[in-house]
Amino acid sequence: MTRLFLWFSLACCVLAVTGCYSTYDGISISDHDQFLSPSHAIGRPSTQAAEEPRATTETEPDSLSMGDPTRSYVKVATIHLDVPLLETARRQLQAWAKTNGGYIEALQNRSVVLRVPSAKFSETLTELKRIGTITEQDIRILDVTEQMRDTDMKLKNLITLRDRLQTLVGKTSTVKEILDVERELNRVQTEIDKITATQKALGKQVRYAKLTLQLRQQHPRAFGQTLTIAPWLKHLGLVELMN
């Protein structure tokens, strides 16, 4: 009778939360695009020439500020930026990130991945226009409120199941029952670890906006700088070549 009662209790626990881990889809935490559906994006990405870059901060302020404090948003941008000098631009970006509570996530020759607090997203876009000229930009605001709630609920239910299984371990009377309960306990703990990792990654995406910048060094005259040409170089036709 005791054995039957224990297994009946275990079956009830499993059925109570079976939807929590049986439907878990193994969300990747390496990059936001792997666990954020495009259907959550607010607005459309933009790709325009330097003469008429999309003025997102002016025309769609609500899409960047997201004033509803009860919802969670992930802000991401891919931007092509023409700058006078690559090294100077990299230093300016590093200084901006440090001053505003962000950091450089990746840095290569012409590519910079910048992380800034989500509240600084609009200000960072404005700062980029000061550092150089935006030639292309793809800005996305993704609402992940439901995903975060769903993840929190799954985690809560799995922890409840784990606690019940741990209680059953001490009440089992045979070696087989102990092994069966411990096997189920290990499986539930694995799911808890996965969802906890996803929860932390998603939380990071919400707290820090991600800007992937592709830098290109432009001719100094594109930024209003005047070149000084030595008189003897003019005889070599250098001025005509520069023009």
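In this text, all values refer to a predicted model and were calculated from it rather than measured experimentally. (Residues numbered from 1 in each chain as written. Predicted model: local features only at pLDDT ≥ 70, side-chain atom pairs only at ≥ 80, totals over all residues. Heavy atoms only, no water.)

Chemist: Which residues make up the overall build of the protein chain, and what values do they have?
Modeler: Counting its regular elements, the protein chain contains 9 helices and 6 strands. Across the 243 residues of the protein chain, 37% fall into the buried class. Long-range contacts, defined here as pairs at least 24 residues apart, represent 78% of the contacts in the protein chain between residues at least 6 apart. Carbon and sulfur atoms form 55% of the exposed surface of the protein chain, whose accessible area is close to 14,100 Å². (Helix = DSSP H or I, 4+ residues; strand = E, 2+ residues; numbered from the N terminus. Buried < 20%, exposed > 50% of the residue type's maximum accessible area, 1.4 Å probe, protein only. Contact = heavy atoms within 4.5 Å. Areas by Shrake-Rupley, 256 points an atom, 1.4 Å probe, with all protein chains shown as cover.)

Chemist: With reference to specific residues and values, describe the nonpolar core.
Modeler: I79, L93, F121, L128, L211, L213 and L215 are the most contacted members of the largest nonpolar core, which has 24 residues in total. If you list the elements that add at least two residues to this core, you get strand 2 (73–83), helix 4 (86–99), strand 4 (111–117), helix 5 (121–131), strand 5 (133–143) and strand 6 (208–217). With sequence-adjacent residues up to four places away left out, L213 is seen in contact with I79, L93, R110, S111, V112 and L128. (Core = buried A, V, L, I, M, F, W, Y, C linked by side-chain atoms within 4.5 Å.)

Chemist: Outline the environment of T124, listing residues and values.
Modeler: Here T124 is to be found in helix 5. With near-sequence residues (within four places) excluded, T124 lies in contact with W96, L114, V116 and L211.

Chemist: Tell me what's going on with the pairing of strand 2, and back it up with residues and numbers.
Modeler: Counting buried residues along strand 2, 9 of its 11 residues qualify, which places the element largely inside the surrounding structure. Across 10 bridges, strand 2 lies against strand 5 in antiparallel orientation. Bridge pairing links I79 to Q137 in strand 5. Of the strand pairs in this sheet, strand 2 and strand 6 are connected by 8 bridges, and their pairing is parallel. (Pairing = 2+ DSSP bridges.)

Chemist: Describe the packing of aromatic side chains, with residues and values.
Modeler: Here the structure, examined in full by the defined rule, presents 1 aromatic pair. Arranged with centres 5.6 Å apart and planes meeting at 65°, the rings of Y103 and Y208 form a pair that is edge-to-face. Taken as a pair, Y103 in strand 3 (residues 103–107) and Y208 in strand 6 lie far apart in primary sequence, 105 residues in all. Looking at Y103, the relative accessible area reads 29%, which means it is partly exposed. Residue classification places Y208 among the partly exposed positions, given a relative accessible area of 24%. (Phe/Tyr/Trp six-rings, centres within 6.5 Å; stacked < 30°, edge-to-face > 60°.)

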